[in-house]
Amino acid sequence: MTFADAMDHVAQAFEVAGAFVLLAGLFLAGAMAVLTVRRSRDVRQAYRVLRQSFGGVILLGLEILVAADLVRTVAVEPTLNNVVILGGIVLIRTVLSFSLEIEIEGVAPWRRAAMSGAGLIARAAGNAGRPADGVTSTLDREPVPRPPR
């Protein structure tokens, strides 16, 4: 087995990992949204949890897939044509990641503390079981305050 063959297998492993992250993240985000609906009875909160968590998963998956493209281009076929194609792919994925982050957060990244895809997933998971502001608990029917962030 040559070095190029080994690096091609490494790139394929990154691609499989990226696809797994996206697929598993979809199911996890859906489960968190269902959990939110069951606990808080607030569909809007569940939708926010779904958007935040799956948006973070997409960002993480894109980062892994960019790593696969980097390995393949740099180690397997480092031709000028492949480097230009890689540059285009990285540019498109960077714009897509930037757009997703603005969509999820509602503000531009330079106006908010930097967050990674994993940070978005963690925040969505933390919000999954909490009822929204003003929603009453089904146990005692008293307002459940949200803890400060």
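Parameters at a glance
Chains are numbered independently. Their residues run from 1 in the order of the written sequence. In keeping with the predicted nature of the model, local features appear solely for residues at pLDDT of at least 70, side-chain atom pairs appear and are counted solely at 80 or more, and the whole-chain, interface and lining totals rest on all residues. Values reported for side chains reflect all heavy atoms of the structure, with hydrogen atoms and water molecules removed beforehand. Only one rule defines a salt bridge in this text: a Lys or Arg side-chain nitrogen within 4 Å of an Asp or Glu carboxyl oxygen. We count a stretch as a helix when DSSP gives it H or I for four or more residues in a row; a strand needs E for two or more, and each element gets its number in order from the N terminus. Only protein chains enter the accessibility calculation, which uses a 1.4 Å probe; a residue whose area is less than 20% of its type maximum is buried, one above 50% is exposed, and one in between is partly exposed. Polar contact criterion, stated in full: a pair of N or O atoms within 3.5 Å, where within protein one must be able to donate a hydrogen and the other to accept it, and residues adjacent in sequence count only if both atoms are side-chain atoms. Residue contacts are counted whenever heavy atoms from the two residues lie within 4.5 Å of one another. Given the number of residues in a helix, its expected span is that number minus one, multiplied by 1.5 Å. The angle between two axes is taken between their N-to-C directions and runs from 0 to 180 degrees, where each axis is a line fitted to C-alpha atoms and a helix contributes only its stretch in contact. For classification purposes, an angle smaller than 35 degrees is called roughly parallel, one larger than 145 roughly antiparallel, one from 65 to 115 roughly perpendicular, and anything else oblique. Classes in brief: Ala, Val, Leu, Ile, Met, Phe, Trp, Tyr, Cys and Pro nonpolar; Asp, Glu, Lys and Arg charged; the others, Gly included, polar.

A separate point is the pattern of salt bridges. Counted under the stated rule, the structure contains 5 salt bridges. The partner of Arg72 in a salt bridge is Asp8, with the nearest N and O atoms 3.1 Å apart. Taken together, the residues Arg72 in helix α2 (residues 43–76) and Asp8 in helix α1 (residues 3–40) connect sequence positions 64 residues apart. Classification of Arg72 by relative accessible area gives partly exposed; the value is 22%. The salt bridge involving Asp42 is made with Arg44; its shortest N-O contact spans 3.9 Å. Through salt bridges with shared partners, one network takes in Asp8, Glu15 and Arg72.

Attention shifts here to the side chain of Ser40. Tracing the backbone shows Ser40 in helix α1. Note on Ser40: relative accessible area 4%, which makes it buried. A distance of 2.7 Å separates a polar atom in the side chain of Ser40 from the backbone oxygen of Thr36.

This paragraph deals with the environment of Ala29. Tracing the chain through its elements places Ala29 in helix α1. Once the C-alpha coordinates of Ala29 and Ala124 are considered, the two residues, 95 residues apart in sequence, prove to be 8.5 Å apart. Beyond its immediate chain neighbours, meaning those up to four positions away, Ala29 contacts Leu50, Ser53 and Phe54.

In this model, α2 (34 residues) spans 48 Å end to end at C-alpha, consistent with the 50 Å of a helix rising 1.5 Å per residue. Residue Asp42 occupies the N-cap position of α2, its side-chain oxygen lying 3.1 Å from the main-chain nitrogen of Arg44.

α2 packs onto α1 with a crossing angle of 180° between their chain directions and a minimal axis gap of 8 Å. By the angle between their axes, α1 is roughly antiparallel relative to α2. Grouping the constituent residues of the contact of α1 with α2 by class yields 29 nonpolar, 8 polar and 3 charged.

This paragraph deals with the packing of α2 against helix α3 (residues 80–105). Put simply, α2 and α3 touch, their axes get as near as 10 Å, and they point 170° apart. When the axes of α2 and α3 are compared, the pair comes out roughly antiparallel. Of the residues in α3, those in contact with Arg51, Gln52, Gly55, Gly56, Ile58, Leu59, Leu62, Leu65, Val66, Asp69, Leu70 and Thr73 of α2 are Asn82, Val83, Leu86, Ile89, Val90, Arg93, Leu96, Ser97, Leu100, Glu103 and Ile104. When grouped by side-chain class, the residues that make up the contact of α2 with α3 number 13 nonpolar, 6 polar and 4 charged.

A few words on unusual backbone geometry. A positive phi angle, near 60°, is found at Arg41, a position not held by glycine. Within the secondary structure layout, Arg41 lies in the loop between α1 and α2.

Before going further, it helps to examine the side chain of Asp69. Turning to its location among the elements, Asp69 is positioned in helix α2. A residue is classified by how much of its surface remains accessible, and Asp69, at 14% relative accessible area, is buried.

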